[in-house]
Amino acid sequence: GAVVSQHPSWVICKSGTSVKIECRSLDFQATTMFWYRQFPKQSLMLMATSNEGSKATYEQGVEKDKFLINHASLTLSTLTVTSAHPEDSSFYICSASQHPFGETQYFGPGTRLLVL
Amino acid sequence: AQKVTQAQTEISVVEKEDVTLDCVYETRDTTYYLFWYKQPPSGELVFLIRRNSFDEQNEISGRYSWNFQKSTSSFNFTITASQVVDSAVYFCALSEVYNNAGNMLTFGGGTRLMVKP
């Protein structure tokens, strides 16, 4: 149980294009989903928290117009990197939890984005 | 504010050695949860354990064991008889309850464990 999928696992795109990453909880309903970014040999950096049906809460320094998050259902959240640039190249990981307040977050396999 | 410190950035051991990964946390909340995750080279974070602040019993799961000590704000992780497949980055994380509206995790910097054959 508690499986989270992420698609695509790899994406290479040209500078200026937009990229959409999907995060799905496969066997549970996720009240909250999280999006993280991880640079090589670094820890995870929380980008935003999203609850189904409401606007995402972005961490300080994360551009909401650059990283669009949609949490349309209890099993699906999407992250769209708009007008991607080489500095957006990173490893993006989503996680999902079934309940608030200390509930375990289960992580997707991550998406490696390379912007040329 | 909450903080998690994993002072060991990299540890290298030879297979079959025991190894302990340290985790020290700071929180003003009286109710909180502590986690350990494993991130193998593939990148996916694998959940290992979740412990609430009221349960200080040590836990053992196969070759893995955890030592939670509130007095020293530590939640250390020991791998007994390490194996090459244990090579990964291990993250300790903290989730406060009352000071945390969104169930956020605060991660430590991670410890890269390399187990050599």
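Throughout, a residue's number is its position along its own chain's written sequence, starting from 1. Labels follow written order: the first chain is A, the first ligand is 1, and so on. Whole-chain, interface and lining totals are the exception, using all residues; otherwise, since this is a predicted model, local features are given only for residues with pLDDT of at least 70 and side-chain atom pairs are given and counted only at 80 or more. Side-chain calculation: all heavy atoms of the structure are included, whereas hydrogens and water are not.

Chemist: Can you lay out the overall build of chain A for me, pointing to particular residues and giving the numbers?
Modeler: Summing up its helical and strand segments, chain A has zero helices and 11 strands in all. Helix and strand labels come from DSSP, where a helix needs a run of H or I of at least four residues and a strand needs a run of E of at least two; each type is numbered from the N terminus. If you list the helices and strands of chain A from N to C, you get β-β-β-β-β-β-β-β-β-β-β. C-alpha atoms define the radius of gyration in this analysis, and the globule rule sets the expected value at 2.2 Å times the number of residues to the power 0.38. A globule of 116 residues ought to have a C-alpha radius of gyration of about 13 Å, and chain A, at 13 Å, matches this closely. Dimensions of chain A, computed from C-alpha atoms along their principal axes, come out at roughly 40 × 25 × 25 Å. Whether a residue is buried, partly exposed or exposed follows from its accessible area with a 1.4 Å probe, protein chains only, as a fraction of its type maximum: under 20%, in between, or over 50%, in that order. Counting the 116 residues in chain A, one finds 51% classified as buried. Two residues form a contact once any of their heavy atoms are found within 4.5 Å. Long-range contacts, defined here as pairs at least 24 residues apart, represent 55% of the contacts in chain A between residues at least 6 apart. In the structure as shown, chain A presents an accessible area of about 5600 Å², 53% of it carried by carbon and sulfur atoms. The protein chains shown are the only cover counted for residues, whose accessible areas, like all others here, come from Shrake-Rupley with a 1.4 Å probe.

Chemist: Report on the layout of surface pockets, specifying residues and quantitative values.
Modeler: A cavity, in this analysis, means grid points on a 1 Å lattice covering only the protein atoms where a 1.4 Å probe fits yet has no way out; a pocket is instead an open set bounded by protein on both sides within 12 Å along at least five of seven lines, and a residue lines either one if it has an atom within 4 Å of a point. Grid points are joined across faces, edges and corners, and a volume is the space filled by probe spheres set on the points. Estimated volume of the largest pocket: approximately 540 Å³. Forming the walls of the largest pocket are 28 residues, and the residues nearest its centre are P40 and K41 of chain A together with Q39, V89 and R112 of chain B. At the level of secondary structure, the elements contributing two or more residues to the lining of the largest pocket comprise β9 (90–97) and β11 (111–115) of chain A together with β10 (88–96) and β12 (111–116) of chain B. Of all the elements, β12 of chain B adds the most residues to the lining of the largest pocket, at four residues. Classes in brief: Ala, Val, Leu, Ile, Met, Phe, Trp, Tyr, Cys and Pro nonpolar; Asp, Glu, Lys and Arg charged; the others, Gly included, polar. Here the lining of the largest pocket is composed, by residue class, of 12 nonpolar, 12 polar and four charged.

Chemist: I'd love a proper account of the interface of chain A and chain B, names of residues and values included.
Modeler: With 26 residues of chain A at the contact, the number on the chain B side is 23 residues. By definition, the buried area sums, over both parts, the 1.4 Å-probe accessible area that each loses when the two are put together. Where chain A abuts chain B, roughly 1800 Å² becomes buried across the two surfaces, and 54% of that area is made up of carbon and sulfur atoms. Salt bridges are defined as contacts in which a side-chain nitrogen from Lys or Arg sits within 4 Å of a carboxyl oxygen from Asp or Glu. Between chain A and chain B we count zero salt bridges in total. Counting of polar contacts relies on pairs of N or O atoms within 3.5 Å, with two restrictions inside protein: one atom must be capable of donating a hydrogen and the other of accepting it, and residues adjacent in sequence are counted only when both atoms are side-chain atoms. Across the chain A-chain B interface, the total number found is three residue pairs in polar contact (both at pLDDT 80 or more). Looking at the side of chain A that touches chain B, the elements with two or more residues in it are β4 (32–38), β5 (44–51), β9 and β10 (106–107) of chain A. The element that contributes the greatest number of residues to the side of chain A that touches chain B is β4 of chain A, accounting for four residues. Taken together, the residues of the side of chain A that touches chain B sort by class into 11 nonpolar, 11 polar and four charged.

Chemist: Would you mind going over the sheet that holds strand β8 (residues 76–81) of chain A in detail, with residue names and values included?
Modeler: All names here are of chain A. Strands are treated as partners if at least two bridges between them are detected by DSSP. Spatial strand order, β1-β3-β8-β7: four strands in an open sheet with antiparallel pairing. The open sheet terminates on both sides in strands that have one partner only, identified here as β1 (4–7) and β7 (67–73). Neighbouring strand axes in the sheet, compared pairwise and without regard to direction, differ in orientation by 15° on average. Note: β1 against strand β3 (residues 19–25), four bridges, orientation antiparallel. The partner of Q6 across the bridge, within β3, is C23. Helix axes are fitted only over the stretch in contact, all axes being lines through C-alpha atoms; the angle between N-to-C directions runs from 0 to 180 degrees.

Chemist: Can you tell me about the state of the cysteines, naming the residues and giving the values?
Modeler: We call a pair of cysteine sulfur atoms a disulfide when they lie within 2.5 Å. Taken as a whole and assessed by the stated rule, the structure comprises two disulfides over all chains. A disulfide bridge connects C23 of chain A with C94 of chain A, and the sulfur atoms are separated by 2.0 Å. As the torsion about the S-S bond is roughly 80°, the C23 of chain A-C94 of chain A disulfide counts as right-handed. Taken together, the residues C23 of chain A in strand β3 and C94 of chain A in strand β9 connect sequence positions 71 residues apart. Take C94 of chain A: its relative accessible area is 0%, and that puts it in the buried class. At a sulfur-sulfur separation of 2.0 Å, the disulfide partner of C23 of chain B is C92 of chain B. Disulfide C23 of chain B to C92 of chain B: torsion about the S-S bond roughly -65°, handedness left-handed.

Chemist: Describe the nonpolar core, listing the residues and the values that go with them.
Modeler: By nonpolar core we mean a set of buried residues, namely Ala, Val, Leu, Ile, Met, Phe, Trp, Tyr and Cys, connected to one another through side-chain atoms within 4.5 Å. By size, the foremost hydrophobic cluster in this structure holds 25 residues, and its most contacted members are W35, Y58, F67, I69, L79, Y92 and L113 of chain A. Elements with a contribution of two residues or more to this core: β2 (10–13), β3, β4, β5, β7, β8, β9 and β11 of chain A. Beyond its immediate sequence surroundings of up to four residues, F67 of chain A is in contact with R37, M47, Y58, V62, L79, T80, V81, D88 and Y92 of chain A. With 24 residues, the next largest nonpolar core counts V13, V19, Y32 and Y90 of chain B among its residues.

Chemist: Can you tell me about the pattern of salt bridges, naming the residues and giving the values?
Modeler: The full count for this structure, using the stated rule, is five salt bridges over all chains. In this structure, D88 of chain A and K66 of chain A form a salt bridge, with 2.7 Å as the shortest nitrogen-oxygen distance. Placement of the pair is D88 of chain A in the loop between β8 and β9 and K66 of chain A in the loop between β6 (57–58) and β7, with a sequence separation of 22 residues. The exposure classification of D88 of chain A matches that of K66 of chain A, with both residues buried. Across the salt bridge formed by R51 of chain B and D55 of chain B, the nearest N and O atoms sit 3.6 Å from each other. What you see here is one network of salt bridges that share partners, running through R51, D55 and E59 of chain B.

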